[in-house]
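Residues per chain are reported as follows:
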Amino acid sequence: MRATGINHVSISATDLEASTRFYEEVFGMERVATPIFETPVQWLRVGDLQLHLFLDESGQAPTRHHIGLTIDDFSGAYDALRARTSDEWGSRLVELPSGQVQLYFRDPAGNLVELDWPDVDSLDRSRYPELRRLADYVPQTSESERAVLFLDESVA
């Protein structure tokens, strides 16, 4: 037996409707038909995959668990997040040794979300003063410098 792909990721939402709207408005995800479970759930389409939001009013999102989303417009996503998120959720903008970029932030339920961009050279660095090279604060090895987010060469 072998896994052939990832079908969906499930994350908690303290307010199911607010989280659903956030992912619709910021990332253009769309609601899809969702079964009724014991706990309220909303399924969203993201490309060929799904994001499942489930109601969890405990407010205890895991600290480091996260979802990584590939985006098609870094500047648009950056602006949308700045307009919709507060500093209390925090964010971090990282350039990997590969030149790929990760923007971390927390969604309305406190879930950690990572936005992935294939090429730092396509960005205007002056627009993103918080962009930091990972190698400047965490030493890298020759092996770790070869790491890439996108395994399919056509994406990068």
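Since this is a predicted model, take the numbers as computed values, not measurements.

Rules behind the numbers
Residues numbered from 1 in each chain as written. Predicted model: local features only at pLDDT ≥ 70, side-chain atom pairs only at ≥ 80, totals over all residues. Heavy atoms only, no water. Buried < 20%, exposed > 50% of the residue type's maximum accessible area, 1.4 Å probe, protein only. Helix = DSSP H or I, 4+ residues; strand = E, 2+ residues; numbered from the N terminus. Pairing = 2+ DSSP bridges. Salt bridge = Lys/Arg side-chain N within 4 Å of Asp/Glu carboxyl O. Arc of directions from axis to C-beta. Polar contact = N/O pair within 3.5 Å; in protein donor to acceptor, adjacent residues only side chain to side chain.

## Brief notes about the pairing of strand 8 (residues 112–117)
Taking burial as the measure, the six residues of strand 8 include six buried ones, the bulk of the element. What you see with strand 8 is no split at all: Leu112, Glu114 and Asp116 on one side and Val113, Leu115 and Trp117 on the other are buried throughout. When strand 7 (residues 101–106) meets strand 8, the two strands line up antiparallel, connected through six bridges. Along strand 8, the bridge assignment pairs Leu103 with Leu115.

## Here's the deal with the pattern of salt bridges
Counted according to the given criterion, the structure contains ten salt bridges. Connected via shared salt-bridge partners are Glu17, Arg21, Glu24 and Arg31.

## Here we look at helix 2 (residues 74–84)
Restricting attention to buried positions, one finds in helix 2 the residues Phe74, Ala77, Tyr78, Ala80 and Leu81. The buried side chains of helix 2 occupy one side of the element, clustering within an arc of 165° when seen end-on. Regarding helix 2, its N-cap is Asp73, as a side-chain oxygen of that residue lies 3.4 Å from the backbone nitrogen of Ser75 further along.

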